[in-house]
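One letter stands for each residue in the lines below.
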Amino acid sequence: MKQCIKVWTEDSVAKPHVIVAGAATWSIKIHNGSNEALSQYKTNITSIAPLLEKLAKTSDVYWVLQDPVYEDLLSENRKMITNEKIDAYNEAAVSILNSSTRNSKSNVKMFSVSKLIAQETIMESLDGLHLPEKSRETSAMILMNVCCNKILKPVDGSCCQPRPPLTLIQKLAACFFTLSIIGYLIFYIIHRNAHRKNKPCTDLESGEDKKNIINTPVSSLEILLQSFCKLGLIMAYFYMCDRANLFMKENKFYTHSTFFIPIIYILVLGVFYNENTKETKVLNREQTDEWKGWMQLVILIYHISGASTFLPVYMHIRVLVAAYLFQTGYGHFSYFWIKGDFGIHRVCQVLFRLNFLVVVLCIVMDRPYQFYYFVPLVTVWFMVIYVTLALWPQIIQKKANGNCFWHFGLLLKLAFLLLCICFLAYSQGAFEKIFSLWPLSKCFELKGNVYEWWFRWRLDRYVVFHGMLFAFIYLALQKRQVLSEGKGEPLFSNKISNVLLFISVVSFLTYSIWASSCKNKAECNELHPSVSVVQILAFILIRNIPGYARSIYSSFFAWFGKISLELFICQYHIWLAADTRGILVLIPGNPTLNIIVSTFIFVCVAHEISQITNDLAQIIIPKDNSSLLKRLACIAAFFCGLLILSSIQDKSRH
């Protein structure tokens, strides 16, 4: 072995890329487990250690620790090979090879995983010495992971992948958050010292406290520094969970119980937390928050259980995603139609609320914007709704009430929108040309093309339009007092209400039966855009026609609904892992405790980020137009700088 390794260390000889070496068992057998043999083994290891270290500078060198034996099965001529002797030889090899270099860490790697595998499988050995075939296959697979994963970087796992180097943008983000934390600490210390100096003092004559100052309101600078300080700490946690290889990840394995038992559990919890709504209108605020909340919880369970492999569940989750987009169409159309507020402040507030967390994660986690596909989807549809209603002629409810002609004008606008949607849905080339233009391509490309974005957009292409149309019809009926929205009253007359409820229940069940009978995802996805609205409308009618159902809501689900966006985005890195393909393991060896702890932290972080986003939105997006335009100029300059840095990074990578 020494002669072979010595030849490889010569510069003129071709060196192997990977060397796997190990020795001990034969030495124990030949010398009958004598102590002299162990001493000679140490001497031999000491003599080849410098050669291995030299070779490890240009090749991957692995020293395999000797596997344990099953002593009861050993034949008489192998009885001297005991686990005690093997451990002594392994300890000698580890201590000598690890101390063979003056550097802090040896370049020779200890391949100790085979020993761990053997401890689990040696009982299945035929002779007590040689391992079963599956043990060698596992060791070989791990060795190939070590060699190949750092080059191939597979998307379905993180085993043996080196931590990706920090990009320039990530380093600048780390500096910014560090300065924010330092700035807030300095601000806090100064503020605290000032508070101590102005602490109420006791009047010795009267024995009463005198207050020197009145508490001043919290300044915008303090809120800004505090928000970025908290956000910096949260982003550090994100990075440690899903980039630093600090925590383990585990694979998802779908079973019906892992999906349906948690679903039943949260539904029971939601039913117990019932409260009366402040108003009893169709899709009132409490009801929509409740709707978002239970949908988000179901989607989270769907993701962590790996239920996408079960087609009926997949199709029903697709309806939940469509329902979110339906609410986007319904909510924004209702706001613009009733309020008539097409000002830039409203647009900036919505865009900031939707995109702030995703932009920060794109920077910190080095991920493309399209990776968080749902946020780009909602953002684009919001802009489509805004442009459709804001373009001349601007038609709002106040104007339409005076003349029915304006209702016809709005329907023409919606018809034109539907025509554009159909054209882009069936003209992939035109769609890709639009979103491949720079700088849109920087936002909507994934792996060098916009096909993934086209697929995601096309999957729910009609549901936002359906939400807008439903809002228009509902508000028109409400204005004409066709609906009875009083507390405890059915939405329509008893006869009509019963008929509509029956049709809704049948439609709801029919869709579920169809979704369960689908043969493959491609077939289901083709029909989904046209039929998903059936189950959504059926749910709305079932939820709102009975007066008693419309008058109550689940505060449990509504609480989660208020942070549904943050929950959806945060799950990518601090609840799931490996970019949603695995499950984060904070507590190894105890899956139940691990999921409880990681879920608690995940929900707390999502809630905190929601508060931070709201606080920053009030400061960064002021109501004064002149101040807002200055802020927008700064934001535009920031994104221009980000695009330039991103282009530099892409060139350096290529």
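Looking up the protein chain in an unreviewed UniProt entry gives the name N-acetylneuraminate 9-O-acetyltransferase isoform X3, with the organism given as Pteropus vampyrus. Listed in UniProt under the heading Sequence similarities (unreviewed entry), the comment for the protein chain reads: "Belongs to the PC-esterase family. CASD1 subfamily." Here is the UniProt Subcellular location (unreviewed entry) comment for the protein chain, exactly as written: "Membrane".

Novice: Sorry if this is basic, but what is going on with the nonpolar core here?
Specialist: Grouped burial of nonpolar side chains is what soluble globular proteins tend to show. One finds Met235, Phe238, Trp291, Tyr372, Trp457, Ile536 and Cys570 to be the most contacted residues of the largest nonpolar core, which totals 136 residues. The dominant element in this core, judged by the number of residues it contributes, is helix H11 (residues 311-339), at 17 residues. Dropping the residues within four chain positions of it, Trp457 is found in contact with Leu377, Trp381, Ile421, Leu424, Ala425 and Phe431. In terms of nonpolar packing, the next biggest core, distinct from the first, is built from 29 residues, Ala24, Leu52, Val69 and Leu74 among them.

Novice: Looking at this model, I keep getting lost on the side chain of Ser125. Mind explaining?
Specialist: Tracing the backbone through its elements, the reader meets Ser125 in the loop between helix H5 (113-121) and helix H6 (133-152). According to the relative accessible area criterion, Ser125 is buried, its value standing at 6%. There is a polar contact of 3.2 Å between the side chain of Ser125 and the side chain of Asp127. A polar contact of 2.9 Å, which involves the side chain of Ser125, links it to the backbone nitrogen of Gly128.

Novice: I'm lost on the packing of H11 against helix H20 (residues 494-516) in this one. Help?
Specialist: For any two helices packed against each other, one specifies the crossing angle of their axes together with the interaxial distance. Here H11 crosses H20 at 135 degrees, and the two axes come no closer than 8 Å. Here H11 lies oblique to H20, going by the angle between them. Like other packed secondary-structure pairs, H11 and H20 cross with a definite hand, here right-handed. On H20, the residues that touch Pro312, Met315, His316 and Val319 of H11 are Tyr511, Ser512, Trp514, Ala515 and Ser516.

Novice: I would appreciate a short explanation of the sheet that holds strand E3 (residues 109-111) in the present structure.
Specialist: Across the sheet, which stays open at both edges, the 3 strands sit in the order E1-E2-E3 with parallel pairing between neighbours. Whereas interior strands pair on both sides, the edge strands pair on one side only; in this sheet they are strand E1 (18-21) and E3. Strand-to-strand twist in this sheet, taken as the mean axis angle between neighbours without regard to direction, amounts to 30 degrees. Across the sheet, helix H4 (residues 83-98) lies against strand E2 (60-64) and E3, angled at about 165 degrees from E3, the strand it touches most.

Novice: Is there a simple way to think about the packing of helix H9 (residues 256-272) against helix H10 (residues 285-305) in this case?
Specialist: Orientation of H9 relative to H10, taken along the N-to-C sense of each, is 160 degrees, at an axis distance of 9 Å. As summarised for this structure, H9 and H10 are arranged roughly antiparallel, according to the angle between their axes. Crossing of H9 against H10: the hand is right-handed. Facing H9, whose interface residues are Thr258, Phe259, Pro262, Ile263 and Ile266, H10 presents Leu297, Val298, Ile301, Tyr302 and Ser305.

Calculation criteria
- Residues numbered from 1 in each chain as written.
- Predicted model: local features only at pLDDT ≥ 70, side-chain atom pairs only at ≥ 80, totals over all residues.
- Heavy atoms only, no water.
- UniProt positions renumbered as here; feature names shortened; annotations may be inferred.
- Core = buried A, V, L, I, M, F, W, Y, C linked by side-chain atoms within 4.5 Å.
- Buried < 20%, exposed > 50% of the residue type's maximum accessible area, 1.4 Å probe, protein only.
- Helix = DSSP H or I, 4+ residues; strand = E, 2+ residues; numbered from the N terminus.
- Contact = heavy atoms within 4.5 Å.
- Polar contact = N/O pair within 3.5 Å; in protein donor to acceptor, adjacent residues only side chain to side chain.
- Axes fitted to C-alpha atoms, helices over the stretch in contact; angles between N-to-C directions.
- Parallel < 35°, antiparallel > 145°, perpendicular 65-115°, else oblique.
- Left-handed = near helix turned anticlockwise from the far one by under 90°.
- Pairing = 2+ DSSP bridges.

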